[in-house]
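Fold and geometry: a report
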Amino acid sequence: MEPKPQKECFASPELAAAALKSRYFRITLLLCFLRYFTILNFAAGACFLILRQIGHAGDIFSAVFLCGLATATGLAFVAARRQTSEQRGWLAAIDAHNGSGGLLMATEETGDTGWRDRLPGQVEIPVLKPAAGNRYMSAGLSLLFLLLSLTIPVVGRDTRNDPRIELRELERVAAGQIEILAEEGIISPEEARQLNESLERIGLDSQRHDPAATFEALDQLQEKLKKQAGASVVKNLSEQKNLDELAELAEKMGKAAGQNDDQISELARAVSKGLEEAAGDVGIGSGSEKLQRALEKAAAGGPDSAEAAREAAEALQEYIDEQQAKAAAAAAAAAQRLASARLIDRKTFESLKKAGKIRPATEADLQPGSQSELVMCEGGGSESGNGQQGEGQGDGVGGTQTGGQTGSGSENGSGASGQAGRGGGHAPLKFNRKSSEHNVEFKNEVLPAPNEQALEKSVAIGMSFSAPQTSAGSGDDGSQAGAAWQKTSEGSAESGIILPKHRSAVKKYFDHEQ
Amino acid sequence: MTEANKLLSQPELAKASALAQKALAELDRILIGRPALHRLVMVGILSRGHILLEGLPGVGKTALIKCLGQLLSLQFSRVQFTPDLMPGDILGAHILQQSNTGQREMVFQPGPIFTNILLADEINRASPKTQSALLEAMQEKSVTLLGTTRRLPLPFFVLASQNPIELEGTYPLPEAQLDRFLFKLEVASASTETLREIISSRRHGEPPMPDFSLAAAELSELFRVMDAIYLPGPVADYIARLVHATDPSSATATAQIKEYVQYGASPRAAIAVAESARGVALLAGRPSVGFEDVREVFIPALNHRVLLNYKARFEGQTSAMILSGLLNSLKETDLDFSAGVAMAAEKK
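Residues numbered from 1 in each chain as written. Chains lettered and ligands numbered in written order. Predicted model: local features only at pLDDT ≥ 70, side-chain atom pairs only at ≥ 80, totals over all residues. Heavy atoms only, no water.

Some words on the overall build of chain A
Counting its secondary structure elements, chain A contains 15 helices and three strands. A total of 514 residues make up chain A; the buried ones form 38% of that total. Only carbon and sulfur atoms are counted for the fraction: they give 53% of the accessible area of chain A, which is about 30000 Å². (Helix = DSSP H or I, 4+ residues; strand = E, 2+ residues; numbered from the N terminus. Buried < 20%, exposed > 50% of the residue type's maximum accessible area, 1.4 Å probe, protein only. Areas by Shrake-Rupley, 256 points an atom, 1.4 Å probe, with all protein chains shown as cover.)

Regarding the pattern of salt bridges
Taken as a whole and judged by the stated rule, the model has 17 salt bridges over all chains. Ionic pairing is found between E197 of chain A and R193 of chain A, a salt bridge with its closest N-O pair at 2.5 Å. In this pair, E197 of chain A and R193 of chain A are both assigned in helix α7 (residues 189-205), four residues apart and thus about one turn of the helix distant. With relative accessibility at 38%, the residue R193 of chain A sits in the partly exposed group. R224 of chain B is the salt-bridge partner of E221 of chain B, the closest N and O atoms lying 2.9 Å from each other. Taken as a pair, E221 of chain B and R224 of chain B lie in helix α9 (residues 216-228) at a separation of three residues, close to a single helical turn. According to the relative accessible area criterion, R224 of chain B is partly exposed, its value standing at 39%. Salt bridges linked by common partners bring E190, R193 and E197 of chain A together as one network. (Salt bridge = Lys/Arg side-chain N within 4 Å of Asp/Glu carboxyl O.)

Focus on the confidence of the model for chain A
Residues and elements named next belong to chain A. Predicted confidence across chain A gives a mean pLDDT of 67, with 57% of residues reaching 70 or more. The least confident element of chain A is helix α14 (residues 475-484), whose mean pLDDT is 42; the most confident is α7, at 84. Below pLDDT 50 for its whole length, residues 371-425 participates in 142 contacts with residues either more than four positions away or in separate chains. Of the regions scoring below 50 in pLDDT, residues 472-496 engages in 27 contacts with residues more than four places distant in sequence or in other chains. (pLDDT = per-residue confidence, 0-100. Contact = heavy atoms within 4.5 Å.)

Looking at the sheet that holds strand β1 (residues 50-54) of chain B
All names here are of chain B. Strand order in the open sheet made by the five strands is β2-β5-β8-β1-β9, with parallel pairing throughout. The two strands at the open ends of the sheet, each matched to only one other strand, are β2 (76-80) and β9 (181-186). If you compare each strand with its neighbour and ignore which way they point, the axes differ by 15° on average. Note that β2 and strand β5 (residues 117-121) share five bridges and pair parallel. The residue bridging F76 from the neighbouring strand is I117, located in β5. (Pairing = 2+ DSSP bridges. Axes fitted to C-alpha atoms, helices over the stretch in contact; angles between N-to-C directions.)

So, unusual backbone geometry
Residues and elements named next belong to chain B. Cis geometry marks the peptide bond from L154 to P155; its omega dihedral reads -5°. Tracing the backbone shows P155 in the loop between β7 (148-151) and β8 (157-162). One non-glycine residue, R48, adopts positive backbone phi at about 60°. For R48, the location among the structural elements is in the loop between α2 (35-46) and β1. A residue is classified by how much of its surface remains accessible, and R48, at 32% relative accessible area, is partly exposed. Unusually for a residue other than glycine, K141 sits at a positive phi of about 55°. Mapping K141 onto the fold places it in the loop between α6 (134-140) and β6 (142-145).

With respect to the packing of α2 of chain B against helix α13 (residues 291-302) of chain B
All names here are of chain B. Relative orientation of the contacting elements α2 and α13 amounts to 85°, with a least axis distance of 12 Å. Taken as axis vectors, α2 and α13 run roughly perpendicular relative to one another. Within the contact between the two elements, α2 uses R39, L40 and V43 and α13 uses E296, V297 and P300. In terms of residue class, the contact of α2 with α13 is built from four nonpolar, no polar and two charged. (Parallel < 35°, antiparallel > 145°, perpendicular 65-115°, else oblique. Nonpolar A, V, L, I, M, F, W, Y, C, P; charged D, E, K, R; others polar.)

Topic: the side chain of S288 of chain B
When you line up the elements, S288 of chain B lands in the loop between α12 (267-284) and α13. Take S288 of chain B: its relative accessible area is 0%, and that puts it in the buried class. Dropping the residues within four chain positions of it, S288 of chain B is found in contact with G101, G102, L103 and A106 of chain A together with I229, Y230, P232, A281 and D293 of chain B.

Comments concerning the side chain of Q177 of chain B
Residues and elements named next belong to chain B. Structurally, Q177 can be placed in helix α7 (residues 175-179). Owing to a relative accessible area of 0%, Q177 belongs among the buried residues under this scheme. Apart from residues lying up to four places away in sequence, Q177 is in contact with I123, Q131, S132, L134, L135 and M138.

Section: the packing of aromatic side chains
According to the stated counting rule, one finds six aromatic pairs over all chains in the structure shown. Measuring from ring centre to ring centre gives 5.6 Å for F42 of chain A and F145 of chain A, while their planes differ by 40°; the resulting arrangement is tilted. Here F42 of chain A is found in helix α1 (residues 13-54), whereas its partner F145 of chain A is found in helix α5 (residues 133-151), with 103 residues between them in sequence. For F42 of chain A, a relative accessible area of 37% puts it in the partly exposed group. Sitting above the plane of the F108 of chain B ring, R150 of chain B keeps its charged end 3.9 Å from the centroid. Above the ring of Y310 of chain B, the side-chain terminus of R313 of chain B is found at 5.4 Å from the ring centroid. (Phe/Tyr/Trp six-rings, centres within 6.5 Å; stacked < 30°, edge-to-face > 60°. Lys NZ or Arg CZ within 6 Å of the ring centre and 35° of its normal.)

Quick look at α13 of chain B
Spacing of three or four residues puts side chains on the same side of an α-helix, whose turn is 3.6 residues. Spanning 12 residues, α13 of chain B covers 16 Å between terminal C-alpha atoms, matching the ideal 16 Å at 1.5 Å per step. Within the span of α13 of chain B, buried status applies to F291, D293, V294, V297, F298, P300, A301 and L302 of chain B. (Expected span 1.5 Å × (residues − 1).)

Details of a negative patch on the surface
Taken together, the side chains of E311, E314, E318 and D321 of chain A make up a negatively charged region of the molecular surface. Relative to the helices and strands, D321 of chain A resides in helix α11 (residues 305-340). (Patch = residues over 30% accessible without salt bridge, like charges linked within 9 Å, V, L, I, M, F, W, Y side chains within 5 Å. Lys, Arg positive; Asp, Glu negative; His and termini not counted. Charge placed at Lys NZ, Arg CZ, Asp CG, Glu CD.)

Re α2 of chain B
All names here are of chain B. The end-to-end C-alpha distance of α2, which contains 12 residues, comes to 16 Å, matching closely the 16 Å that a straight helix rising 1.5 Å per residue would cover. Burial within α2 is extensive, with nine of its 12 residues counted as buried. Looking only at α2, the buried set comprises L37, H38, L40, V41, M42, V43, G44, I45 and L46.

Put into structure tokens, the structure is as follows:
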């Protein structure tokens, strides 16, 4: 039940009239504001939708809306003031409400105060109520419309007025790659800043009517980033190689201890030199003091050289083991991040493969939620793959699908240890397994019968120009068609296949032309 | 503050109001059971208006008018209207008479209309020709015969009674005639209690004689006070808006009026409402007219001035119903609130 409005009493009719007028002003102000606010919301929502559609929406909208809000409030104030001042008969309303029999009005009009004592001591004012139910609803609807206009996605946005290409996703990926390179210390912060500026410039300079230049620039930037990443990987591998050589020398020095003092001295000097080179090239330290002393002792020759050589060999082996463990862990982490950022190019991939740093993907890597992009072998290539299919090569390495078929390689079946798990790797194709992304299964469906025989019996009655019809892969030959592109003669992913990235560029190009 | 705008003093208004109340109380004492009707009749008298009482035979119309005539102690005439009544029977006629010198001349013999209170009993039984004889007398308080206009004595009231027009042998009063009556009051049948009281206290139904009567001077003083009752601007505006709204072509006319009313009320109606509202204020002892006074007299003053169409008659709509709807829909003040602002109907 609606609460009964509280009555207000005043000492004089003039005060009561002023109070009634004031109340009317407040109610009118509210109603006017609701009206203008509703109009503003609808107008602003419609404008913003249009602006978003043509791609000109920006932060300025908030400022304009706030200005509109202030204007609406001001207009409401002016309108309420005008409506209130135009009203006459406040005293009459109070007279009627109090049942004064016209005494209030007569006293006011004639100025005769002879009947003042007959006026009511406490003058009540009638209750004014805002009946704004519909206006509240309209205002709410308009506000909802405004919010929706800000949040709902624009369908079929017309970007004809925007000469630039939509590169947000590509820019985001590239920016992430630059950030990873900077974090890994592969590039300096200054280089990262310059690369980011280049990326931004590419986006700003992009032209919808000439997308090829933009994508070429982006590809060049990507190549540059991959080269930087590759250089880093090569550096790691070089360090590993140096350590291997040192290990070989340590082994020789250990064997030569007690047999050939001259050879010991020579080996000790070679080890020292190798350590110095390693320290200069790849940052490996010059070993412990114990190792240094043993090497110096062994190099000096003498009766204790055999013992010193053995000590040096042991110390060197310990040092190498330690460095190898560190290097392996660092290399694995860096390579993992680089692979995640799709910064491993073909050459680097070959290097990693040769060094046994890649292992085949396992079933676990293909499970939904697996974050594996490039599976690295932490044990230096000791794991062996199943050898069912070759690794992806070329750009397929940097592809976008885990264990997908894009860029699949040759079916040599050699399956050497440490094969790549991406780019159409060894993982068996199981069509009854659920998709990792969409959690759906492939549907078993009988393909339609081939119609080549019908074609043999057909008679040509005319020719027409039309778009080529794509076959669903029917028939014996057709059934192979789907997989034929995966089995190109050289097993190369670069053999004329339009990769997804380039495909979108081509599509955009032709979309623009249409 | 000018003299014209000065309100009546409390003592003089109190005296006049007490006098009017006393007359009303006497009327209520003599005729039992109709205080509201008596109040309106008294308001009509104070407003110097003519009153038409309508009701079935035997409900006390004539008794009320006779009683009023006695109470006012004015010259009183009664004319029983019949179908063969001629205008001359009311107005008077020139008669050829021989003077003392033996010369014959036409001498005017005044009719019963030359009185202060004319009781026109069963006025709708006379022919329209005879009914129309009252037109000039009622409006201009004069009678013109053979080119000579004669003033009627003042005050002049026509207190008429009529049977419902559906009864056999009746002639409905023309609109011009009806418009001259200040009020048309319906005299309904008495209630059981009233009837019981009448038959138990009145032998042969004869009402008692009044113990008090208003002298002509007192009546004149009442009329003077009536003229000094102040009509505030918003109330006058309310009356004007009400009367204007009875016109079906008016923008403020209600849907009912637009549908059922053929002709709205005349400016004379507005005057009648204003005057009778003053009478109500006087009875209430107030120096000014209020909205409630207007509401009280609006329907009696207008129900015979609003001409309904055939659709209204067919659907059983009466003037009182339509005017009541107008009273409820039209705001008293001219506060033109914007849409969305409502004033609570509750009053003190």
